[in-house]
Amino acid sequence: MKFKNIKIKQGQKVIINEYSGTIPTTGIISVVGPNGIGKTTLLKALAGLIPYEGVILDQATLTYLPQKNRFYDAIKVDEFLGLVPTNHPQAGWRKQVFKQLDIADLQGKNVNTLSGGQQQRVWLAFSLIQSKSILMLDEPLTYLDLKYQQRFLSLISTASQFCTIIQIVHDLNIANQYSDIVWLLTVKTLLAGTPTQVLTATNLNIVFATTVKIHRTSAGQRWFSV
Ligand SMILES: Nc1ncnc2c1ncn2[C@@H]1O[C@H](COP(=O)(O)OP(=O)(O)OP(=O)(O)O)[C@@H](O)[C@H]1O
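Residues numbered from 1 in each chain as written. Predicted model: local features only at pLDDT ≥ 70, side-chain atom pairs only at ≥ 80, totals over all residues.

If you tally the helices and strands in the protein, you get 8 helices and 11 strands. The C-alpha radius of gyration computed for the protein amounts to 18 Å, which stays within 12% of the reference 17 Å derived for 226 residues, consistent with globular compactness. When burial is assessed residue by residue, the protein has 34% of its 226 residues classed as buried. (Helix = DSSP H or I, 4+ residues; strand = E, 2+ residues; numbered from the N terminus. Rg over C-alpha atoms; globule rule 2.2 N^0.38 Å. Buried ≥ 20, exposed ≤ 12 C-beta atoms within 10 Å, placed from the backbone.)

Moving on: the UniProt feature "domain: ABC transporter" (unreviewed entry) in the protein. The feature "domain: ABC transporter" (unreviewed entry), as annotated in UniProt, sits at residues 1-211 in this numbering. Taken end to end, residues 1-211 has its terminal C-alpha atoms 34 Å apart, with 32% of it in helix and 25% in strand. (UniProt positions renumbered as here; feature names shortened; annotations may be inferred.)

To continue, consider the site of the ligand. Taken together, Gln-10, Ile-15, Gly-33, Asn-35, Gly-36, Ile-37, Gly-38, Lys-39, Thr-40 and Thr-41 form the complete shell of residues around the ligand. When its residues are assigned to classes, the shell around the ligand shows 2 nonpolar, 7 polar and 1 charged. (Near = placed C-beta within 6 Å. Nonpolar A, V, L, I, M, F, W, Y, C, P; charged D, E, K, R; others polar.)

Turning to helix α4 (residues 116-128), a few remarks are in order. The periodicity of an α-helix, 3.6 residues per turn, causes residues three or four positions apart to be oriented the same way. Helix length check: α4, at 13 residues, gives a terminal C-alpha distance of 18 Å against a target of 18 Å (1.5 Å per residue), a fit within 8%. The buried count for α4 comes to 10 of 13 residues, which makes it a mostly enclosed element. Turning to α4, its buried residues are Gln-118, Gln-120, Arg-121, Val-122, Trp-123, Leu-124, Ala-125, Phe-126, Ser-127 and Leu-128. If you follow the buried residues of α4, they end up packed against β5 (62-65), α2 (77-81), α3 (93-100), β6 (134-138) and α5 (146-159). (Expected span 1.5 Å × (residues − 1). Contact = placed C-beta atoms within 7 Å.)

All right, on to helix α1 (residues 39-46) then. The set of residues buried in α1 consists of Lys-39, Leu-42, Leu-43, Ala-45 and Leu-46. Looking straight down α1, one finds its buried side chains confined to an arc of 160 degrees; they lie on one side. (Arc of directions from axis to C-beta.)

What follows deals with the sheet that holds strand β4 (residues 53-57). Reading across from one edge, β2-β1-β4 is the order of the 3 strands in this open sheet, with antiparallel pairing throughout. A strand with exactly one partner marks an edge of an open sheet, and here the two such strands are β2 (13-22) and β4. Here the average twist between neighbouring strands, direction ignored, is 20 degrees. In the sheet, strand β1 (residues 2-10) pairs with β4 via 4 bridges, with the strands oriented antiparallel. The partner of Lys-7 across the bridge, within β4, is Glu-53. (Pairing = 2+ DSSP bridges. Axes fitted to C-alpha atoms, helices over the stretch in contact; angles between N-to-C directions.)

On to the pairing of strand β10 (residues 213-216), then. Pairing geometry for β10 and strand β11 (residues 222-225), over 4 bridges, is antiparallel. Along β11, the bridge assignment pairs Arg-216 with Arg-222. Hairpin connection, β10 to β11: the antiparallel pair is bridged by 5 residues, and Gly-220 has positive phi, about 90 degrees.

What follows is about the confidence of the model for the protein. Of the residues in the protein, 100% have a pLDDT of 70 or more, and the chain-wide mean is 94. Of the two predicted TM-score estimates for the complex, the pTM is 0.95 and the ipTM is 0.96. (pLDDT = per-residue confidence, 0-100.)

Pairing is mixed across the open sheet formed by 6 strands, whose spatial order is β5-β6-β7-β3-β8-β9. Single-partner strands in this sheet number two, and they are β5 and β9 (190-193). Each strand axis lies, on average, 15 degrees off the axis of its neighbour in the sheet, ignoring direction.

To continue, consider the environment of Gly-36. Tracing the sequence through the fold places Gly-36 in the loop between β3 (27-32) and α1. Gly-36 gets classed as exposed once you count the C-beta atoms within 10 Å, which come to 9. Taking the C-alpha atoms as reference points, Gly-36 and Leu-62, 26 residues apart in sequence, are found 24 Å from one another.

Let us now look at the packing of α4 against α5. For any two helices packed against each other, one specifies the crossing angle of their axes together with the interaxial distance. The N-to-C vectors of α4 and α5 enclose an angle of 5 degrees; their axes lie 12 Å apart at closest approach. Taken together, the axes of α4 and α5 lie roughly parallel to each other. When α4 is examined against α5, the residues Gly-117, Arg-121, Leu-124 and Leu-128 are found in contact with a partner set consisting of Tyr-148, Phe-152, Leu-155 and Ala-159. When grouped by side-chain class, the residues that make up the contact of α4 with α5 number 6 nonpolar, 1 polar and 1 charged. (Parallel < 35°, antiparallel > 145°, perpendicular 65-115°, else oblique.)

Here you go:
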């Protein structure tokens, strides 16, 4: 899927200034950039949820999981997840997702009585088990503890072999370690490339207007701090 010159305005204010990009058929894209730069707005436009100028070619089937989600009805976890058809093309995928996110522990409970992290596990399971070609996740790690962050990242690494994950993340270490491609949003442009190409000290210092330090572990892996 390609998009070209996507431009979005709120009233007279230009939020997104003619971003162009390509979404491959598999892999993980991490969208990074400062608060308010337009990450959510871009994903919503790509998901067809808000109007834009420009073109999107080759519309794909996609799921979009917003940053904040609310359950309005007292539906049970198993009833809610039962809304997703069970015919995912990857054998055993649904079972794997449920196991990693410990959905069995939540079965039989009303979704609106769960804690924030438990609700997020249900929403992530709901999104991951759908057989769509693109899965867009807005800050999926929010509310998850370290164990479930790790398990979620492992799940998307597997999912990215058969679909494309586009996730908004603020943690540069996660973007660096778990992405095939990074989209770094600046006021003027969308910089796309591998983590090594895009997450450079020069780019980060300009975009985040702060000093981002890049270190190396003894094994040579890069890590980031401020
Ligand atoms: N409904 C709206 N009406 C007016 N302005 C909006 C609306 N939604 C978003 N904006 C503005 O659009 C800009 C981009 O917002 P967006 O939520 O896309 O940023 P973001 O990069 O995802 O930020 P964050 O990292 O803080 O979540 C911001 O300046 C925001 O104030």
